[in-house]
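The primary structure of each chain is shown beneath.
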Amino acid sequence: MITVIGSIGFLVLLSFFKAPILLSIVLASILAGQLADLTVIETISSFNEGIKNGATIALNYGCIGAFAAGLAKSGVTSWACEHLAESHLIKQATQPKFIILLIILLASISSQNIIPIHIAFIPLIIPVMLHLMSQYQLDRRAVTCCVCFGLVVPYMTIPIGFGKIYINDVLFNNLHIFGIDTPELSIVKAMWIPALGMLFGLFIATFINYKKPRQYQHSEKLSKKIHTHIRPRKRTIVATLCILTITLALQIFTNSMVIGALIGFSLFTITGIINLKDSDDVFLLGIKMMANIAFIMIAAQGFAQVLSDSGQILPMIKTLGSTLTQHRNIGIFAILLAGLLITVGIGSSFSTVPIIASVFVPLALEMKLEPLSIITLIGTAGALGDACSPVSETTLAPSMALNADGQHDHFKDTIIPCFFHITLPLLISGWVAVVFMNR
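Residues numbered from 1 in each chain as written. Predicted model: local features only at pLDDT ≥ 70, side-chain atom pairs only at ≥ 80, totals over all residues. Heavy atoms only, no water.

### Considerations on the overall build of the protein chain
Working step 1: When helices and strands are tallied, the protein chain shows 21 helices and 0 strands.
Working step 2: Taken along the three principal axes of its C-alpha coordinates, the protein chain extends 65 × 50 × 45 Å.
Working step 3: Expressed as a percentage of the 439 residues in the protein chain, the buried residues total 56%.
Working step 4: Nonlocal contacts in the protein chain, meaning residues at least 24 apart in sequence, comprise 81% of its contacts between residues at least 6 apart.
Working step 5: Surface accessibility of the protein chain: about 19,000 Å² in total, with carbon and sulfur atoms responsible for 66%.
Working step 6: Here the protein chain holds 26 positive side-chain charges and 21 negative ones, and the gap between their average locations is 11 Å. (Helix = DSSP H or I, 4+ residues; strand = E, 2+ residues; numbered from the N terminus. Buried < 20%, exposed > 50% of the residue type's maximum accessible area, 1.4 Å probe, protein only. Contact = heavy atoms within 4.5 Å. Areas by Shrake-Rupley, 256 points an atom, 1.4 Å probe, with all protein chains shown as cover. Lys, Arg positive; Asp, Glu negative; His and termini not counted. Charge placed at Lys NZ, Arg CZ, Asp CG, Glu CD.)

So this is what it looks like as structure tokens:
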């Protein structure tokens, strides 16, 4: 147990003191190996084996970044955000900050199910809207809570897009292994209370804790770099919308973000939105934009492999579970805490579920939990750390976009706010849901 708790705690501590995330992951991996009595060579070998699993992640993010750069080159997103700033919707609104937050929230939710482009929307709209946020003194901590809520809740509750992967391919498949029949069970019925808890936390963040104005310095240099200040031609706007539609359709049809993004970028070049001689530079610019997140996610796979090879995760889970079998309500809370701890370290809900399901599903059956409540328990435990892990794409992407002008801290302005307003309400409401389902 000390291996898991010690290495993850060390990672969080380094993040708190603003150490580079990539370096923090490597150091935490070395510490995990040492605590598990692995040699340095064995630790490095394990880490290297893990990062091989990140090749697909890197390719996905690189292609998404290239497509995002092509979309930015069209000037449509910049013009749309500038048009929004001058629109009656904002200027005549009694609470313009909440209109901005609502737009960001809807974009986040749509990116998971309706338009499954995941975090690709973040570098497209967030940096362009920084000037608007600063103008209305919008606290960016509220923005991170909206983004994290919008990225997590849809895949937990709606089996479409990324939700299909999490619910059907990951959660239900692991439950089927232990004979739990899920076709007759409603994921919405299982997860509505946890989702409501997160909604309550988001309400507290936006309407109470982060409602007060927060001043940010406006950077003219950044504004000139991001904003085109030129209205795109009607032909460009129409072509861009068509390319977006084709790209999204390809992503859904092929189930591949890489294919969709590459063909979308090619269409930007073919239609002349990106000049052929500039296409290589724009493509590389897009890759650079997402490279930091890609490398961090690759390193996180290495860290997860070291934790797995340490052989300490399953014993920790068994120790927690076996001692609490006779105390069902406390046992439920312990399972959720274990899921939180593992997800914070790994940074992926999709990777956490298979790890915890192998032990916690039999334990839940021994505790005589109903199948619907087991879905709630494992689904919540897997998602708990996603919105507060220093190495999760859910927190990294908004942090990097909001820090485009150097005024947003990853740990203090993203991790901590999202922990108290998204993760903690999810932990409490998930526990309440499982307990009350079995009364």
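Past the structure itself, the notes keep going.
### Comments concerning the packing of helix 9 (residues 140–157) against helix 11 (residues 187–209)
Working step 1: As a packed pair, helix 9 and helix 11 sit with axes 10 Å apart at the nearest point and diverge in direction by 175°. One element, helix 9, and the other, helix 11, form an angle in the roughly antiparallel class. Contact residues: helix 9 offers Ala142, Cys145, Cys146, Phe149, Val152, Val153, Met156 and Thr157, while helix 11 offers Ile187, Val188, Met191, Pro194, Ala195, Met198, Leu199, Leu202, Ala205 and Thr206.
Working step 2: Residue classes in the contact of helix 9 with helix 11 are distributed as 16 nonpolar, 2 polar and no charged. (Axes fitted to C-alpha atoms, helices over the stretch in contact; angles between N-to-C directions. Parallel < 35°, antiparallel > 145°, perpendicular 65-115°, else oblique. Nonpolar A, V, L, I, M, F, W, Y, C, P; charged D, E, K, R; others polar.)

### What to know about helix 21 (residues 410–437)
Working step 1: For helix 21, the principal kink sits at Phe419 and spans about 45°.
Working step 2: The backbone nitrogen of Phe411 has a side-chain oxygen 3.1 Å away, supplied by the residue at the start of helix 21, namely Asp409. (Bend = angle between axes of the 7 residues up to and from the residue. Polar contact = N/O pair within 3.5 Å; in protein donor to acceptor, adjacent residues only side chain to side chain.)

### Remarks on the packing of helix 9 against helix 20 (residues 393–402)
Any two packed helices are characterised by the angle at which their axes cross and by the distance between the axes.
Working step 1: Running from N to C, helix 9 and helix 20 point in directions that differ by 145°, and their axes come no closer than 10 Å. Judged by the sense of rotation from one axis to the other, the crossing of helix 9 with helix 20 is right-handed. Seen from helix 9, the contacting residues are Arg140, Val143, Thr144, Val147, Cys148, Leu151 and Val152; seen from helix 20, they are Thr394, Thr395, Pro398 and Leu402.
Working step 2: The residue makeup of the contact of helix 9 with helix 20, split by class, is 7 nonpolar, 3 polar and 1 charged. (Left-handed = near helix turned anticlockwise from the far one by under 90°.)

### Details of the pattern of salt bridges
Working step 1: Considering all chains together, one arrives at 4 salt bridges under this definition.
Working step 2: Between Asp139 and Arg141 there is a salt bridge, with the nearest N and O atoms lying 2.7 Å from each other.
Working step 3: Here Asp413 and Arg214 are joined by a salt bridge, their closest N and O atoms 3.6 Å apart. Here Arg214 lies in the loop between helix 11 and helix 12 (220–226) and Asp413 lies in helix 21, a separation of 199 residues in the sequence.
Working step 4: A residue is classified by how much of its surface remains accessible, and Arg214, at 26% relative accessible area, is partly exposed.
Working step 5: Each of Asp139, Arg141, Arg214 and Asp413 takes part in salt bridges that share partners, so that together they form one network. (Salt bridge = Lys/Arg side-chain N within 4 Å of Asp/Glu carboxyl O.)

### Comments concerning a nonpolar patch on the surface
Working step 1: On the surface, a cluster of nonpolar side chains totalling about 490 Å² of accessible area is made up of Leu13, Phe16, Phe17, Ile416 and Phe420.
Working step 2: Of all the secondary structure elements, the ones that give two or more residues to the nonpolar patch are helix 1 (2–16) and helix 21.
Working step 3: With respect to the helices, strands and loops of the structure, Phe420 is situated in helix 21. (Patch = residues over 30% accessible without salt bridge, like charges linked within 9 Å, V, L, I, M, F, W, Y side chains within 5 Å.)

### Quick word on unusual backbone geometry
Working step 1: Residue Asp37 is not a glycine yet carries a positive backbone phi of 65°.
Working step 2: For Asp37, the position within the fold is in the loop between helix 2 (21–35) and helix 3 (40–51).
Working step 3: The exposure class assigned to Asp37 is exposed, which follows from its relative accessible area of 70%.
Working step 4: A positive phi angle is found at Lys368, which is not glycine, with a value near 65°.

### Digging into empty space enclosed by the protein
Working step 1: Across all of its chains, the model carries 2 cavities of 30 Å³ or more by this definition.
Working step 2: Of the voids in this model, the second largest cavity is the one considered here, and its volume is about 30 Å³.
Working step 3: Considering the residues around the second largest cavity, the lining is formed by Ile64, Phe67, Ile117, Ala120, Thr247, Gln251 and Ala261.
Working step 4: Broken down by secondary-structure element, the contributors of at least two residues to the lining of the second largest cavity are helix 4 (55–74) and helix 13 (234–254).
Working step 5: Residues belonging to the lining of the second largest cavity are distributed by class as follows: 5 nonpolar, 2 polar and no charged. (1 Å grid on protein atoms, 1.4 Å probe; cavity = no way out; pocket = protein on both sides within 12 Å on 5 of 7 lines; lining within 4 Å. Points joined across faces, edges and corners; volume = space filled by probe spheres on them.)

### A few points about the packing of aromatic side chains
Working step 1: Per the stated rule, a full pass over the model turns up 7 aromatic pairs.
Working step 2: On the basis of an interplanar angle of 90° and a centroid distance of 6.3 Å, the ring pair of Phe333 and Trp431 is categorised as edge-to-face. Here Phe333, found in helix 17 (residues 328–346), pairs with Trp431, found in helix 21; they are 98 residues apart in sequence, far enough to count as distant.
Working step 3: Take Phe333: its relative accessible area is 31%, and that puts it in the partly exposed class. (Phe/Tyr/Trp six-rings, centres within 6.5 Å; stacked < 30°, edge-to-face > 60°.)

### Things to note about the state of the cysteines
Working step 1: Applying the stated criterion across every chain, the model contains 0 disulfides.
Working step 2: Cys145 provides the cysteine sulfur closest to Cys146, a residue in no disulfide bond, and the two sulfurs are 7.2 Å apart. (Disulfide = S-S within 2.5 Å.)

### Some remarks on the side chain of Ser108
Working step 1: Looking at where Ser108 falls in the secondary structure, it is placed in helix 7 (residues 96–110).
Working step 2: When its relative accessible area of 0% is taken as the criterion, Ser108 is described as buried.
Working step 3: Beyond its immediate stretch of four places on either side in the chain, Ser108 contacts Phe121, Cys146, Val147, Gly150 and Leu151.

Function cannot be inferred from these measures alone, as they are strictly geometric.
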